[in-house]
Amino acid sequence: MNQEISDPAPDTSTPIRHLSLQLSPTPRGARLARLLATEQLGTWGLPSHPAELIVAELAANAVTHGRVPGRDFRLLLYVVGDTLRIEVTDTRGDRLPCPQQAATDAESGRGLLLVETLADRWGVVPGPPPRKTVWAEVGTSPD
């Protein structure tokens, strides 16, 4: 007996929410990443905290440590279920981020520790050379 098996119809009631931006590897580009991410989260009806801080740190790292003149960085936000995924891709795949304890009097060096504290999960994925993507995930449902 032949039976036709079909996949269930895709759920189109929940739109796919994503934002992808290519930004200049400058302090202005990093600020713009944070501002546009915050605006988009508001449009989606999602809380901006802690995502805006994570975007700010990852974008600042891309500008500071992942900058190659003439090569932009990319910010990608997307929501899957009740998880917001934040991805920042830069063109310095040879420089992988590593959280470190900063000196108590240091004015910088705590960004990844902040990301580690605020995100539910985070990591680094090597991309096609010369890229890498640093990602973080946060829940979107109220606690």
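Residues numbered from 1 in each chain as written. Predicted model: local features only at pLDDT ≥ 70, side-chain atom pairs only at ≥ 80, totals over all residues. Heavy atoms only, no water.

*Asks:* Would you mind showing me how to read the overall build of the protein chain here?
*Replies:* Counting its regular elements, the protein chain contains 3 helices and 5 strands. Starting at the N terminus, the α and β elements of the protein chain follow one another as β-α-α-β-β-α-β-β. The long-range fraction of contacts in the protein chain, counting pairs at least 24 apart against all pairs at least 6 apart in sequence, stands at 61%. Summed over its atoms, the accessible surface of the protein chain is roughly 9,200 Å², and 52% of this surface lies on carbon and sulfur atoms. (Helix = DSSP H or I, 4+ residues; strand = E, 2+ residues; numbered from the N terminus. Contact = heavy atoms within 4.5 Å. Areas by Shrake-Rupley, 256 points an atom, 1.4 Å probe, with all protein chains shown as cover.)

*Asks:* Help me understand the nonpolar core, please; the structure alone is not making it clear to me.
*Replies:* One recurring pattern in soluble globular proteins is that nonpolar side chains are buried together. Core analysis: the biggest nonpolar cluster contains 29 residues, and Leu58, Leu75, Leu77, Leu84 and Ile86 have the highest contact counts within it. Those elements giving two or more residues to this core turn out to be strand 1 (17–23), helix 1 (27–44), helix 2 (51–65), strand 2 (73–80), strand 3 (83–90), helix 3 (111–118) and strand 5 (132–139). Here the element with the most residues in this core is helix 2; it accounts for 7 residues. Setting aside its immediate chain neighbours within four residues, Leu75 contacts Leu19, Ser20, Leu21, Leu23, Ala33, Ala37, Val55, Ile86, Glu87 and Val88. (Core = buried A, V, L, I, M, F, W, Y, C linked by side-chain atoms within 4.5 Å. Buried < 20%, exposed > 50% of the residue type's maximum accessible area, 1.4 Å probe, protein only.)

*Asks:* It is not clear to me how empty space enclosed by the protein should be interpreted in this structure. Could you clarify?
*Replies:* Where empty space is left in the structure can be found by rolling a water-sized probe over the atoms. Counting across every chain of the model gives 1 cavity of 30 Å³ or more. As a volume, the largest cavity reaches approximately 60 Å³. Residue lining of the largest cavity: Leu41, Leu46, Pro47, His49, Pro50, Ala51, Leu84, Val138, Gly139 and Thr140, and that is the complete set. Of the residues that constitute the lining of the largest cavity, the class distribution is 7 nonpolar, 3 polar and no charged. (1 Å grid on protein atoms, 1.4 Å probe; cavity = no way out; pocket = protein on both sides within 12 Å on 5 of 7 lines; lining within 4 Å. Points joined across faces, edges and corners; volume = space filled by probe spheres on them. Nonpolar A, V, L, I, M, F, W, Y, C, P; charged D, E, K, R; others polar.)

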